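Architecture and fold: a report
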Amino acid sequence: MAQVKITRLSRFRLFFFLMLLAYGVFMPYQGLYLIQRGLRGAELAVLLGVMPLVKIIAQPLWGMIADIYCARRLVLSLTLIGMGVSAFFFLFVQKFWVWFILIILFSIFESPSMPLATAITIDYLENRQQVERFGELRMWGSLSFVIASVVMGYLFLDRLIVYIPLVFAVIEIIAGVLVLLLPHPVSSSLRLSWGESMTVLRKDPMLVLFLLGIVLIGMTMGVSYQYVSIYLGSLGAAGILIGVSVALSAVPEIPLMANAARLLNRFRLETVLLIGLSALPLRWLLYALVHAPLWLFPVHLLHGFAIMGIVVAGATYVAQRLPGELRATGQGLYTVAFSGIGPTLGLFGAGFLSELPNGMQYIWLSCAIVAAMGVFVVGVSLRNHRIAEERHLLK
């Protein structure tokens, strides 16, 4: 029995390693890739802006489909393979309208990957009373992201950037096949109706407030994912330096996620979440003040603390607020707030601010203010929910 358990956990480790390896190959460099392919100005802004906009619609729908039809693994497998195939066709695109269609298709397939992977993993661990090990499994993704970022920066960004989608496609398709080997989620055996799946927010107003705070956080993270590499390039950083910078941002995730179980056993889940989120306003403020790429190296490290809060503590918090049969729906709502609605608003504002003199400084200052507001709103929602729970226990 022990050997079987190790084998199943190893499948999750390998899956996260491959999925985040593909993400590290392409996601941080999407803006640079599109610029290299000749897209500029309004065309670039439209393509970067439409991706999170599509997720607003696609993510909740994928989550509800996966929950209602008890098909989380199948949906995740198909969408990962679809994402890889869509990326492969990037190699042959020349016209803007074709780019627009492919980017929409890519975003539709990309939108459910992380929430479904999270829901499947947490569901498996919770049924074995090991939910605190989620960070340990997700850590393998952080490790592969670091590896991919450095390798891409050294080998591809200066010379072979146009081939990045091909590398991404191959890895993502392999990850999509591997999903089918993951253990079946136990709680997905209960089928829901569409009406039941849409009652998540109506029954929990404090969860709505929590997600509003995550939207504000997502506004700033969405901007960083697309503009950090562009910002470093504007400061004169070479490809390898950009790759190392992206990798550094994920380095703290590795020890933090490896020790996530200890952290969550020692501190309240809400405390870990708030500490992680609080790193973001400081990070954006320092981006606005520091203009030398090398001096930004230590600033990038703050990203790892934020991801620990968002990916591990935040996702676990949402999972614990909802019954198992609504887990994919809940993770979809959480992710659409963080990487759908938030980035759509953030990238729209950043596109406007980037046209101003010293636009990048205005972008990072605005991110610092918005992130601070997000931390405050999340803190209020956590406090109010805790008070409501205490009152309920006293009745």
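Presented here is an overview of the structure given in this document. (Residues numbered from 1 in each chain as written. Predicted model: local features only at pLDDT ≥ 70, side-chain atom pairs only at ≥ 80, totals over all residues. Heavy atoms only, no water.)

Counted by the stated rule, this structure contains two salt bridges. Glutamate 136 is paired through a salt bridge with arginine 13; the nearest N and O atoms lie 2.9 Å apart. Of the two residues, glutamate 136 is situated in helix α7 (residues 134-155) and arginine 13 in helix α1 (residues 2-26); the sequence distance between them amounts to 123 residues. Among the ionic pairs, glutamate 270 bridges to arginine 268, the shortest N-O distance being 3.6 Å. Residue classification places arginine 268 among the partly exposed positions, given a relative accessible area of 45%. (Salt bridge = Lys/Arg side-chain N within 4 Å of Asp/Glu carboxyl O. Helix = DSSP H or I, 4+ residues; strand = E, 2+ residues; numbered from the N terminus. Buried < 20%, exposed > 50% of the residue type's maximum accessible area, 1.4 Å probe, protein only.)

Here we take up a nonpolar patch on the surface. Judged by side-chain polarity, Val85, Phe88, Phe89, Phe92, Leu166, Val170, Ile173, Ile174 and Val177 come together as a nonpolar surface patch covering roughly 750 Å² of accessible area. Sorting elements by how many residues they give to the nonpolar patch places helix α8 (residues 164-179) first, with five residues. Looking at where valine 170 falls in the secondary structure, it is placed in helix α8. (Patch = residues over 30% accessible without salt bridge, like charges linked within 9 Å, V, L, I, M, F, W, Y side chains within 5 Å. Areas by Shrake-Rupley, 256 points an atom, 1.4 Å probe, with all protein chains shown as cover.)

All right, on to the nonpolar core then. What tends to happen in soluble globular proteins is that the nonpolar side chains get buried as a cluster. Counting 122 residues, the largest nonpolar core has Phe15, Phe210 and Trp364 as the members making the most contacts within it. Every residue in contact with phenylalanine 210, bar those within four places of it in the chain, is listed here: Leu273, Tyr317, Val318, Tyr334, Val378, Ser381 and Leu382. (Core = buried A, V, L, I, M, F, W, Y, C linked by side-chain atoms within 4.5 Å. Contact = heavy atoms within 4.5 Å.)

Here the focus is empty space enclosed by the protein. Per the stated rule, a full pass over the model turns up two cavities of 30 Å³ or more. Considered as a void within the structure, the largest cavity measures approximately 900 Å³ in volume. Taken together, 48 residues line the largest cavity, and the ones lying closest to its centre are Tyr23, Met27, Tyr225, Phe338 and Ser339. Top contributing element to the lining of the largest cavity by residue count: helix α17 (residues 327-353), with seven residues. Across the lining of the largest cavity, the residue classes tally to 24 nonpolar, 19 polar and five charged. What the second largest cavity holds in volume is close to 30 Å³. If one sorts the elements of the lining of the second largest cavity by residue count, helix α2 (residues 30-36) sits on top with three residues. (1 Å grid on protein atoms, 1.4 Å probe; cavity = no way out; pocket = protein on both sides within 12 Å on 5 of 7 lines; lining within 4 Å. Points joined across faces, edges and corners; volume = space filled by probe spheres on them. Nonpolar A, V, L, I, M, F, W, Y, C, P; charged D, E, K, R; others polar.)

For the rest of this paragraph, the subject is the packing of helix α10 (residues 205-234) against helix α14 (residues 269-289). Where α10 contacts α14, the axes come no closer than 11 Å and their chain directions differ by 40 degrees. Taken as axis vectors, α10 and α14 run oblique relative to one another. Crossing hand, α10 versus α14: left-handed. Here Phe210, Ile217, Thr220, Met221, Ser224, Val228 and Tyr231 of α10 lie close against α14, whose contacting residues are Leu273, Leu277, Leu280, Arg283, Trp284 and Tyr287. Partitioning the contact of α10 with α14 into residue classes produces ten nonpolar, two polar and one charged. (Axes fitted to C-alpha atoms, helices over the stretch in contact; angles between N-to-C directions. Parallel < 35°, antiparallel > 145°, perpendicular 65-115°, else oblique. Left-handed = near helix turned anticlockwise from the far one by under 90°.)

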